[in-house]
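Letter by letter, the chains look like this.
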Amino acid sequence: TQLSHYFETSFFTSGKIAGFAGKEMQTFADFLTIHHMEIGFIGRGLMNALFSIEYGLSRKLQKFVDMGYSVINSMIDFGFINSCLYEGYTSKTEKWDSEGQFFLRRQCEGAMSLFYAVKSGIPSSEKWQTGFSKIAEYVVSLQYADGHLPHSFNSCGVVIDNSGNS
């Protein structure tokens, strides 16, 4: 199927990091893949990993389950900054890199992926729950008294863009 073909052709490892390409991926013909992964938005790195696990479990295809778990576990084990921020970007040739700027939307999408996994019954570990809790607590700590959140910030929590646009 097209879904299994996507998982097979977009999966990559780079050192200790695993991912499913999504950023700049051409989705025609043979899924010409540029091996880049973003945590949130178009890359949907963690959600693609969860979909791979769900697909593998539903079809009894262990390789897809294993690929999905390797992405999530590598992200939790090697993709955090200051123990609570997801790095936003990686590729087959580079390490995780947020270039000093973290975007609220990507952080929330990463956290929601883990939340979805825990709540949907996908077999997960305590470190997934801890990963979700850490990023959720950090995001809440950035919230202003009027309820809005910054668009972007650095690894020390210093706001770079206070617009709230995402």
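You'll find the structure just up there.
Residues numbered from 1 in each chain as written. Predicted model: local features only at pLDDT ≥ 70, side-chain atom pairs only at ≥ 80, totals over all residues. Heavy atoms only, no water.

J.: Sorry if this is basic, but what is going on with the sheet that holds strand β9 (residues 159-161) here?
T.: Note: strands within a sheet are paired through backbone hydrogen bonds, in either parallel or antiparallel orientation. Judged by pairing direction, the sheet is antiparallel, and its 3 strands sit side by side in the order β7-β8-β9 without closing on themselves. Looking along the sheet, the strands with just one partner apiece sit at the ends: β7 (102-103) and β9. Relative to β9, strand β8 (residues 152-153) runs antiparallel, the two sharing 2 bridges. Of the residues in β9, the one forming a bridge with F153 is V159. (Pairing = 2+ DSSP bridges. Helix = DSSP H or I, 4+ residues; strand = E, 2+ residues; numbered from the N terminus.)

J.: How do you make sense of the environment of E54 when you look at a structure like this?
T.: Relative to the assigned elements, E54 resides in helix α2 (residues 45-59). Discounting residues that sit within four places of it in the chain, E54 has contacts with Y116, S120 and I122. (Contact = heavy atoms within 4.5 Å.)

J.: How should the pattern of salt bridges be read in this particular structure?
T.: Close approach of charged atoms allows side chains of opposite charge to pair. For the structure on display, the rule yields 2 salt bridges. Of the charged contacts, one joins E8 and K63 as a salt bridge, the two residues approaching to 2.3 Å between their closest N and O atoms. Of this pair, E8 sits in helix α1 (residues 2-10) while K63 sits in helix α3 (residues 62-78), and the two are 55 residues apart along the sequence. Residue classification places E8 among the partly exposed positions, given a relative accessible area of 39%. Taking the shortest distance from any N to any O, the salt bridge between K127 and D77 comes out at 3.0 Å. Separated by 50 residues along the polypeptide, K127 in helix α5 (residues 126-141) and D77 in helix α3 bring together distant segments of the chain. Taking the relative accessible area as the measure of exposure, D77 reaches 43% and is therefore partly exposed. (Salt bridge = Lys/Arg side-chain N within 4 Å of Asp/Glu carboxyl O. Buried < 20%, exposed > 50% of the residue type's maximum accessible area, 1.4 Å probe, protein only.)

J.: Which parts of the structure should I look at to understand the nonpolar core?
T.: As a rule of thumb, nonpolar side chains are buried together in soluble globular proteins. With 21 residues, the main nonpolar core has F7, F20, I72 and W128 as its most contacted residues. Contributions of two or more residues to this core are made by α1, β2 (17-20), α2, α3 and α4 (104-120). Element by element, the count of residues in this core is highest for α3, at 8 residues. Beyond its immediate chain neighbours, meaning those up to four positions away, W128 contacts L50, I53, Y69, I72, N73, I76, L114, A117, I122 and P123. Counting 8 residues, the second largest nonpolar core, distinct from the first, contains F102, A111, Y138 and V139. (Core = buried A, V, L, I, M, F, W, Y, C linked by side-chain atoms within 4.5 Å.)

J.: Explain the packing of α4 against α5 here, please?
T.: Working note: a packed helix pair is described by the angle between its axes plus the distance between those axes. Packing of α4 against α5 brings their axes to within 9 Å, and their N-to-C directions diverge by 145°. Crossing of α4 against α5: the hand is left-handed. Contacts between α4 and α5 pair L104, Q107, C108, A111, L114, F115, A117 and V118 from the former with W128, Q129, G131, F132, I135 and V139 from the latter. Residue classes in the contact of α4 with α5 are distributed as 11 nonpolar, 3 polar and no charged. (Axes fitted to C-alpha atoms, helices over the stretch in contact; angles between N-to-C directions. Left-handed = near helix turned anticlockwise from the far one by under 90°. Nonpolar A, V, L, I, M, F, W, Y, C, P; charged D, E, K, R; others polar.)

J.: Would you explain α2 in this entry?
T.: The end-to-end C-alpha separation of α2 is 21 Å, in line with the 21 Å expected for 15 residues at 1.5 Å each. Of all the residues in α2, the buried ones are G45, L46, N48, A49, L50, S52, I53, Y55 and G56. Directly after α2, the chain includes K60, whose backbone phi takes a positive value near 55°. (Expected span 1.5 Å × (residues − 1).)

J.: What exactly am I supposed to notice about the pairing of strand β1 (residues 11-14) here?
T.: Side-chain direction in a regular strand flips from residue to residue, so the side chains alternate between the two faces of the sheet. Every second residue of β1 is oriented toward a common face, the buried set being F12 and S14 and the non-buried set F11 and T13. Of the pairings in the sheet, the one linking β1 to β2 comprises 4 bridges and is antiparallel in character. Each bridged residue has a counterpart across the sheet, and for F12 the counterpart in β2 is G19. Hairpin connection between β1 and β2: a loop of 2 residues separates the two successive antiparallel strands, and G15 in this loop has a positive phi of roughly 65°.

J.: When you look at unusual backbone geometry in this model, what are you seeing that I'm missing?
T.: Backbone phi values are negative for most residues with the exception of glycine, while trans is the configuration of most peptide bonds. Of note, the phi angle at K60 is positive, near 55°, even though the residue is not glycine. Along the chain, K60 falls in the loop between α2 and α3.

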